[in-house]
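The residues making up each chain are set out below.
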Amino acid sequence: MSVESVWFRRVLWAQLGALVLAVSWLFASNLDTLFPAGGPFAGGILSRADFWRSLNLSVLSATATALVAAALGIPAAWALSRRALAWHRGADILLGAILALPASSVGLALVLLFQYGPLDWLQAWLGVRVIYTLPGILVAQLVLALALGLQAWRAAFEALDPRLELTARTLGANSFQAFWRVALPAARPGILAGLVLAWLRAMAEFGAVLLFCSTFRELPASRFGELARWLHVDRADLLAVAMWVEIEFGRVEAGMGMAFALAMTCAACVYLVRLNGGRIRGH
Amino acid sequence: MVTESPVRMEGVSVEVGAFRLREVSLDVRPGEYLVVLGPTGCGKTVLLETLLGLHPPVEGRILLGGRDAAGRLPEERDLGYIPQDYALFPTMTVRRNLAFGPEIRGWSRQQVCSRVEELLELLGIAHLAERHPAHLSGGEKQRVAMGRALAVHPRTLILDEPLSALDSSRRSELAGELRGLQRRLEGSFLHVCHDLDEALHLADRMAVMREGRLVQVGTPEEVLMRPTDGFVARFTGNPNVFTIRSASPNQVVLEDGTVLVCSGPSHASAVAIRPENLTLLASEEEPEGASVLEGRVKSVVRRALALEVQVLRSPGDTRWTLLVPHGRRIAAGDRVRFAVRPEAVWRLAGEGASAS
Amino acid sequence: MRPSNSRFTPFDGVSSLLLVGVAAFYLLFLASTAVYLGWADAAHHLARPVLWQRLGLTLSTALISTGVAMIVGIPGGYALARLPLPIPRVLATVIELPMMVPPATVGVFLIGAVATPPVAPLLKIAGISLGHSTAGVILCQVAVTTSFAVCLCAAAFASVPARVETVARTLGATWPRAALGVTLPAARNALLGATLTVFARAAAEWEAVMLFVGASRGATDVLPFAVFLDWNEGMMGGVVTMSLMSVTVATLASLGASLVRRSSRVG
């Protein structure tokens, strides 16, 4: 091996090492904020009920969003994978554009649709109001989580051998049975990866929720139903929103604590997926 | 009682992207092993997919068991299908794969279990029952795919190049197994491939396909000895196809002036002579009734069963291919004489020696 | 070849309906900013220079950040795609983390990161102040997009088979020469697509900015951030116009990325 090549390899390794170091340091350099001199750990958030409610809300809403995204997105991705090429290209472009939008524009578009647009009529007809409510969080998270999920699930179905489905049908399966008993199990790794991606994206949603739902912590308890109280999500904001509020008010230790809570939750998720042999590519 | 053809195509034409079928008429008889042979890209896969119900024919019709199959979906056609890569369901064990068809059709657990056991026995794969497809060899996968398709007693089994995925040493052995299985089950098999040896080994009847058309359908012997045109001759291992300048009931005159004694129709446009039917002569031999030709050896290639000798004859450097037993002393550049017996000359009505 | 003829089982109907419904929703969603724009109002707002300033700020910061991210991303992505040893799971998780966590969180972590050595003294020496400054915006964008760039570039290089490089090396090229002369050009389209995608992401970044840099007119109010700020103050008209600008930038960049990526697809 030539000298150049040897050095090249070292440079590449050094690069990766530097990257890892930089990222690690980004997180690690903040650890000391968690232990302020003369104050409680992480500004005492662990003993605050609203912190736990926020954590609750984030995790539960992300899970609910991911499940709804799966229920809508997996069959839609299946239908998409069986369509002509034009559909695929269109989907690429549309989903790519949606995922590139800034969160504030996403939130604003939701406001426009739900307050002035066709969905306004839908709400009036159903007798519900989505904006500025807890279900509104789900909607705001769903927009992007679903888009991400669709990309991943479509790719998972595309990667399957088309003859699997055909063979199943020659054995007597109709198209639903071919999907449920053959395609879905065979695509399971990709399906799960998509689910996790959707969950992570929902967890990461902050700006859109801020615009579409605003904050809940100042609202009176009477605005929240039984279910919200039972789940301990009443009067709570998403953890990311709560974090912002803490920072805005100068309570950096508390905000940092919440930031770490979020980061660790996401890291655990990504690590678990890798443990199971999956990979998370892309956004 | 008239026995219906399990599968019958009448003048079927289909267009799928760049591939097409042109007025294909094919008839799989009960209990017959029919092989469709053709080069890659000739439309064999489209043929199968049309039979399975993926492409509605623009012309003609398909009859399954005597009834028109128009409008019937793949799951309603009762055709067993073995795709090229076997397409075993990757997340299921061999047992679950075999049980799939019966379960879908709502057989009772008892029936499903006993059928699966039967198939495991029949195909000699009982020891593989709990394995997943990823841990099976090519030959084992083929057997499981067969079992899965046979589980629901299909009227006909359709095989898409089932032996291409195997290495050549295994191919012959598994071809034998396929044949044996077909005999034992007394079922109809429709097998598609591009390998001549495979086709000859297995077929009761062969259909030669070219660019979406079936150019000849017949027993292997018919196809080998009495090809309809130059393409079939060349595709079945006979490169000796020559255009005729003129033909009379007793002889033909080739383009380059060679006169061959033979009988046959006068409207022929070319002749085909199988290499194994040409005899290399010693210098003074004069066989009775045969046409004797001379030429210069261009190349000698060693094949498994004989030497393949190419001889050039002037004028025009026409190339003749002969098969000569191993051990004969013969080299490029030698002048040789060979005999063409009248019975060996087969007159073709179809396209001649020009490249196609 | 997928079976395209199906009897209309309820499942087919439902899944097709979902597909069409989702597609319609997203189309509507994308268009809504333009549809509900009061055009007369918009004309008035577009005449205000501050909007164009903000657009200019957004584009220029995004451009710089994309440059930095790709400078790190291209070699980093190559390393990820080609180095023979498997990267330990923990390391891979760490590298991906900045793109998986909420960007607002990244902003929070930056607060501490620039306040501790060795970065703080370096900044002091260079005379750069990050709070309420454009440099801070760029830092946020870089922090959020770099991991993303590395992963996209890794995918781009992975799409070029390693065999091609090996062949070049058997012909005498050293590894770096093979990488630069063979793999890089082959991955060109994918890398271009990655650049556009990273740019779109950088131009859409504001949450980290909000948490780390704070609002400062003229220096840190990139379009997405300004949308939020003005919205908070109730200035609806300008908000929708600015959002439309952001949406247009994002759509154009991602459209470009899709087109470029497709032109390199095989078959």
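Sequence order sets the numbering: in each chain, residues are counted from 1 along the sequence as written. Here the convention is simple: chains get letters from A, ligands get numbers from 1, in the order in which they are written. Local features in this predicted model are restricted to residues whose pLDDT is 70 or higher, and side-chain atom pairs enter the listing and the counts only when it is 80 or higher, whereas totals over whole chains, interfaces and linings include all residues. Water and hydrogen atoms play no part in the side-chain values, which are based on all heavy atoms of the structure.

## Let's talk about the overall build of chain C
When its secondary structure is counted, chain C shows 13 helices and 0 strands. When the helices and strands of chain C are placed in sequence order, the string is α-α-α-α-α-α-α-α-α-α-α-α-α. The principal-axis extent of the C-alpha atoms belonging to chain C is close to 70 × 65 × 35 Å. By definition in these notes, contact holds between two residues if any of their heavy atoms fall within 4.5 Å. Nonlocal contacts in chain C, meaning residues at least 24 apart in sequence, comprise 80% of its contacts between residues at least 6 apart. A run of H or I in DSSP becomes a helix once it reaches four residues, and a run of E becomes a strand once it reaches two; helices and strands are each numbered from the N terminus.

## Observations regarding the overall build of chain A
Across its full length, chain A carries 14 helices and 0 strands. Ordered by position from N to C terminus, the α and β elements of chain A give α-α-α-α-α-α-α-α-α-α-α-α-α-α. The classification of residues rests on relative accessible area computed with a 1.4 Å probe and restricted to protein chains. Under 20% of the type maximum is buried, over 50% is exposed, and intermediate values are partly exposed. Burial status across chain A gives 58% buried among its 283 residues. Sequence-distant contacts in chain A: of pairs separated by 6 or more residues, those separated by 24 or more amount to 77%. Surface exposure of chain A reaches about 11500 Å², of which carbon and sulfur atoms provide 67%. When charges are counted, Lys and Arg contribute as positive and Asp and Glu as negative, whereas His and the chain ends are disregarded. Charge coordinates come from a single atom per side chain, which is NZ of Lys, CZ of Arg, CG of Asp or CD of Glu. For chain A, the centre of its 22 positive side-chain charges and the centre of its 16 negative side-chain charges are spaced 10 Å apart. Accessibility throughout is a Shrake-Rupley quantity obtained with a 1.4 Å probe, and a residue counts as covered only by protein chains that appear here.

## Regarding the pairing of strand β17 (residues 307-313) of chain B
Side-chain direction in a regular strand flips from residue to residue, so the side chains alternate between the two faces of the sheet. Residues and elements named next belong to chain B. When you tally the buried positions in β17, you get 6 out of 7 residues, the bulk of the element. In the sheet, strand β16 (residues 291-302) pairs with β17 via 6 bridges, with the strands oriented antiparallel. Counted as the bridge partner of serine 299 is glutamine 310 from β17. Two strands pair under a simple rule: DSSP has to find at least two bridges between them. In textbook terms, the turn of a hairpin is the stretch between consecutive antiparallel strands, and for β16 and β17 this stretch comprises 4 residues. What sits between the antiparallel neighbours β17 and strand β18 (residues 318-324) is a turn of 4 residues, in which glycine 316 has the positive phi angle 90°.

## Quick look at the interface of chain B and chain A
The interface of chain B with chain A comprises 25 residues on the first partner and 18 residues on the second. For any pair of parts, buried area is found by adding up, for both, the accessible area (1.4 Å probe) each one loses once the two are put together. For the pair chain B and chain A, the two sides together bury roughly 1900 Å², of which 64% comes from carbon and sulfur. Of all residues in chain B, Glu75, Tyr81 and Ile104 of chain B give up the largest surface area on contact with chain A, accounting jointly for 29% of the area buried on that side. Salt bridges, as used here, are contacts in which a Lys or Arg side-chain nitrogen is within 4 Å of a carboxyl oxygen on Asp or Glu. Taken together, chain B and chain A are joined by 2 salt bridges. Among the salt bridges present, the one from aspartate 85 of chain B reaches arginine 163 of chain A, with a minimum N-O distance of 3.3 Å. Throughout this description, a polar contact denotes any pair of N or O atoms lying within 3.5 Å of each other; where both atoms belong to protein, one of them has to be capable of donating a hydrogen while the other can accept it, and for residues adjacent in sequence the pair is counted only when both atoms sit in side chains. Taken together, the connections running from chain B to chain A amount to 3 residue pairs in polar contact (both at pLDDT 80 or more). Counting only elements with at least two residues in the side of chain B that touches chain A, the list comes to β6 (79-82), α2 (94-104) and α4 (138-150) of chain B. The element best represented in the side of chain B that touches chain A is α2 of chain B, accounting for 5 residues. Under this grouping Gly is polar, as are all residues other than the nonpolar Ala, Val, Leu, Ile, Met, Phe, Trp, Tyr, Cys and Pro and the charged Asp, Glu, Lys and Arg. Along the lines of polarity and charge, the residues of the side of chain B that touches chain A split into 16 nonpolar, 3 polar and 6 charged.

## Focus: unusual backbone geometry
Residues and elements named next belong to chain B. Not every positive phi belongs to a glycine, and alanine 87 is a case in point at roughly 45°. Relative to the helices and strands, alanine 87 resides in the loop between β6 and α2. Although it is not a glycine, glutamate 186 adopts a positive phi angle of roughly 55°. Summarising the element assignment, glutamate 186 is placed in the loop between α5 (168-185) and β8 (188-193). For glutamate 186, a relative accessible area of 66% translates into the label exposed.

## Some points on the sheet that holds strand β5 (residues 67-68) of chain B
All names here are of chain B. Pairing in this open sheet of 4 strands is antiparallel, and the strands run β2-β1-β4-β5 from one edge to the other. With partners counted over all chains shown, the strands left at the sheet margins are β2 (19-28) and β5, one partner each. Here strand β1 (residues 7-16) runs beside β2; their pairing, made up of 7 bridges, is antiparallel. Looking at the pairing, valine 14 lines up with leucine 21 of β2. Here, axes are lines fitted to C-alpha atoms. For helices the fit covers the stretch in contact, and angles between N-to-C directions go from 0 to 180 degrees. Sheet strands in contact with helix α1 (residues 44-52) are β1, β2 and β4 (59-64), and its direction is about 115° off that of β1.

## Notes on the packing of aromatic side chains
Only Phe, Tyr and Trp rings are paired, with Trp represented by its six-membered ring, and only when their centres lie within 6.5 Å; those with planes under 30 degrees apart are stacked, over 60 edge-to-face, the remainder tilted. Applying the stated criterion across every chain, the model contains 24 aromatic pairs over all chains. Centre to centre, the rings of phenylalanine 206 of chain A and tryptophan 244 of chain A are 6.3 Å apart; their planes meet at 70°, and the pair counts as edge-to-face. One end of the pair, phenylalanine 206 of chain A, is in the loop between α10 (188-204) and α11 (207-213); the other, tryptophan 244 of chain A, is in helix α13 (residues 239-248), with 38 residues separating them in the sequence. Judged by relative accessible area, phenylalanine 206 of chain A falls into the buried class, the value being 0%. Judged by centre distance (6.5 Å) and plane angle (25°), the rings of tryptophan 206 of chain C and phenylalanine 225 of chain C are stacked. Of the two residues, tryptophan 206 of chain C sits in the loop between α10 (188-203) and α11 (207-212) while phenylalanine 225 of chain C sits in helix α12 (residues 223-232), which places them 19 residues apart along the sequence. Its relative accessible area of 1% is what places phenylalanine 225 of chain C among the buried residues. The lysine or arginine in question, arginine 148 of chain B, covers the ring of phenylalanine 89 of chain B, its NZ or CZ lying 4.5 Å from the ring centre. We call a charge positioned above a ring when the Lys NZ or Arg CZ atom is no farther than 6 Å from the ring centre and deviates by at most 35 degrees from the ring normal.

## Brief notes about the pattern of salt bridges
Applying the stated criterion across every chain yields a total of 30 salt bridges over all chains. Salt-bridge contacts for arginine 8 of chain B lead to glutamate 10 of chain B; the nearest nitrogen and oxygen are separated by 3.0 Å. Given a relative accessible area of 31%, arginine 8 of chain B falls into the partly exposed group. According to the relative accessible area criterion, glutamate 10 of chain B is partly exposed, its value standing at 25%. Linking glutamate 130 of chain B and arginine 95 of chain B is a salt bridge whose minimum nitrogen-to-oxygen distance equals 2.9 Å. Here arginine 95 of chain B lies in helix α2 and glutamate 130 of chain B lies in the loop between α3 (109-123) and α4, a separation of 35 residues in the sequence. The partly exposed category is assigned to arginine 95 of chain B, whose relative accessible area is 29%. A cluster of three or more residues bridged by salt bridges with shared partners is formed by Arg48, Asp50, Glu246 and Arg251 of chain A.

## So, the interface of chain A and chain C
How big an interface is tends to be stated in terms of accessible area lost as the parts join. Contact residues are listed per partner, giving 98 residues for chain A and 97 residues for chain C. For the pairing of chain A and chain C, the buried interface totals around 8800 Å² over both sides, and the portion due to carbon and sulfur atoms is 76%. At the boundary of chain A with chain C, the tally comes to 0 salt bridges. Our enumeration of links across chain A and chain C arrives at 11 residue pairs in polar contact (both at pLDDT 80 or more). Among the elements that take part in the side of chain A that touches chain C, helix α1 (residues 3-28) of chain A stands out by supplying 15 residues, more than any other. For the side of chain A that touches chain C, the residue count by class is 69 nonpolar, 17 polar and 12 charged.

## Some points on the environment of proline 249 of chain B
Structurally, proline 249 of chain B can be placed in the loop between β11 (241-247) and β12 (251-254). The contact partners of proline 249 of chain B, leaving out residues within four places of it in the chain, are Cys262, Ser263, Gly264, Ser266 and Arg347 of chain B.

## Quick word on the confidence of the model for chain C
Each residue carries a pLDDT value, the predictor's own confidence for that position, ranging from 0 to 100. On average, residues of chain C score 83 in pLDDT, and 92% of them reach the 70 mark or higher. Here the prediction assigns the complex a pTM of 0.82, and the interface score ipTM is 0.87.

## Examining the side chain of glutamate 49 of chain B
Relative to the helices and strands, glutamate 49 of chain B is located in helix α1. Although buried, glutamate 49 of chain B forms no salt bridge, and the nearest oppositely charged side chain, arginine 163 of chain A, lies 6.3 Å from it. Polar side-chain contacts of glutamate 49 of chain B include one of 2.8 Å to the side chain of histidine 55 of chain B.

## So, the side chain of arginine 77 of chain B
Residue and element names in this part refer to chain B. Checked against the element boundaries, arginine 77 lands in the loop between β5 and β6. Buried and unpaired, arginine 77 has no salt bridge, with glutamate 76 as the nearest side chain of opposite charge at 6.9 Å. From its side chain, arginine 77 meets the backbone oxygen of leucine 51 in a polar contact 2.9 Å long. Excluding residues within four positions of it along the chain, arginine 77 makes contact with Thr50, Leu51, Leu52, Gly53, Ile62, Leu64, Ala69, Arg72 and Arg155.

## Remarks on the packing of α1 of chain A against helix α5 (residues 103-113) of chain C
Between α1 of chain A and α5 of chain C, the least distance of the axes is 7 Å, while the angle of their chain directions is 85°. Here α5 of chain C runs roughly perpendicular to α1 of chain A, going by the angle between their axes. Across the interface between the two elements, Trp25, Leu26 and Phe27 of chain A of α1 of chain A pack against Val106, Phe109, Leu110 and Ala113 of chain C of α5 of chain C. Counted by class, the contact of α1 of chain A with α5 of chain C contains 7 nonpolar, no polar and no charged residues. Any angle from 65 to 115 degrees is called roughly perpendicular, while one under 35 is roughly parallel, one over 145 is roughly antiparallel, and all others are oblique.

## Remarks on the sheet that holds β12 of chain B
All names here are of chain B. Pairing in this open sheet of 5 strands is antiparallel, and the strands run β13-β12-β11-β14-β20 from one edge to the other. The outermost strands of the open sheet, each flanked by one partner alone, are β13 (259-261) and β20 (346-348). Across the sheet, the axes of successive neighbouring strands diverge by a mean angle of 45°, strand direction being ignored. In the sheet, β11 pairs with strand β14 (residues 270-272) via 3 bridges, with the strands oriented antiparallel.

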